[in-house]
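This is what each chain is made of:
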Amino acid sequence: MAKKELRMHAVVAPTETVIVSAYDAEGRADACTLAFYMVSSHVPPCVTIAINATQNRKTLKSMLESGAFVLGLPSVDQVKETDYLGVESGYRADKLKNVGFTVSPAKTVHAPLINELKLSLECEIVHTVTVGSHTQVTGEVKRILADEEILDEKGRVLLKKLQPIIYDEEEGIYLDLGKKVADAFRTGAAFKKKLEERKQESPSD
Ligand SMILES: Cc1cc2nc3c(=O)[nH]c(=O)nc-3n(C[C@H](O)[C@H](O)[C@H](O)COP(=O)(O)O)c2cc1C
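Residues numbered from 1 in each chain as written. Predicted model: local features only at pLDDT ≥ 70, side-chain atom pairs only at ≥ 80, totals over all residues.

### Focus on the nonpolar core
Part 1 of the reasoning: Among the nonpolar cores identified, the biggest contains 34 residues, and Val20, Phe69, Val70, Leu71, Ala111 and Cys123 are the most heavily contacted of them.
Part 2 of the reasoning: For this core, the elements supplying multiple residues, two or more each, are strand E2 (18-23), strand E3 (29-34), strand E5 (46-52), helix H1 (58-66), strand E6 (68-73), strand E8 (112-114) and strand E9 (119-131).
Part 3 of the reasoning: Setting aside chain neighbours within four positions, we find Leu71 in contact with Val18, Val20, Val47, Leu121, Cys123 and Gly139. (Core = buried A, V, L, I, M, F, W, Y, C linked by C-beta atoms within 7 Å. Buried ≥ 20, exposed ≤ 12 C-beta atoms within 10 Å, placed from the backbone. Helix = DSSP H or I, 4+ residues; strand = E, 2+ residues; numbered from the N terminus. Contact = placed C-beta atoms within 7 Å.)

### A short note on unusual backbone geometry
Part 1 of the reasoning: Cis peptide bonds are those with omega within 30 degrees of zero, and the linkage from Val43 to Pro44 qualifies with -5°.
Part 2 of the reasoning: Here Pro44 lies in the loop between strand E4 (37-41) and E5.
Part 3 of the reasoning: Although it is not a glycine, Gln163 adopts a positive phi angle of roughly 50°.
Part 4 of the reasoning: Mapping Gln163 onto the fold places it in the loop between helix H4 (159-162) and strand E11 (166-168).
Part 5 of the reasoning: You can call Gln163 partly exposed: it has 18 C-beta atoms within 10 Å.
Part 6 of the reasoning: Backbone geometry at Phe185 places phi at a positive 70°, although glycine is not the residue there.
Part 7 of the reasoning: For Phe185, the location among the structural elements is in the loop between strand E12 (173-175) and helix H5 (186-201).
Part 8 of the reasoning: On the basis of neighbour counts, which here come to 8 C-beta atoms within 10 Å, the residue Phe185 falls in the exposed class.

### Regarding the sheet that holds E9
Part 1 of the reasoning: Ordered in space as E3-E2-E6-E9-E10-E5-E4, the seven strands form an open sheet in which the pairing is antiparallel. If you trace the sheet from one side to the other, it starts and ends with E3 and E4, each paired once. The average undirected angle you get between the axes of adjacent strands in this sheet is 35°.
Part 2 of the reasoning: In this sheet, E6 lies alongside E2 in antiparallel orientation, the contact comprising three bridges. Bridging from a neighbouring strand, Ile19 pairs with Gly72 of E6.
Part 3 of the reasoning: Here H1 sits on the sheet in contact with E2, E3, E5, E6, E9 and strand E10 (134-146), set at roughly 55° to E2. (Pairing = 2+ DSSP bridges. Axes fitted to C-alpha atoms, helices over the stretch in contact; angles between N-to-C directions.)

Here it is as structure tokens:
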């Protein structure tokens, strides 16, 4: 297959769309939509988000001042609200009120938790670094709150019930999760085992 060089950009598609919320210095809650999000540590549990520091993002200012944020996962039936939170600024509008979202104070950090989101991570900021246009903010997860309806009997989050919104930056569209294609780790482990067995049968290969 012929290959083509692309214009310079960080190909990020697809990513789970998240909503981060923070209190400003006056205690007003604001939130914005982000696609630049990753799990960055298991122990302690941490997530890292990247927010454009060259633009006037109110949420970034608020979270750096307060030292905390809540990261919430919207579901596909909240796509209109999610997109709006990503095209309007808290400097110009009371966005949360406009979409009909309500907030409660997080229990472990000074940040607002959006009640309508089915999964929320309360995060304390433990590290920031600016690389290029974006400030990467790492939050240590201090508490996780989930609607019971998205959990299985073991308390695990079932993504097929949460139905997160997947953002495709290439085409500028939102997608749903799609179907399972294989078991993680087991598929590669089975392949690895087969290769090792083959090597034992004919070591010269
Ligand atoms: C799907 C989507 C993904 C976005 N991802 C990011 C992101 O990862 N980083 C960022 O800085 N802005 C991102 N934005 C833009 C911000 O959400 C937007 O600038 C917002 O208006 C900022 O609001 P604020 O000023 O209230 O913080 C995204 C917007 C959308 C719609």
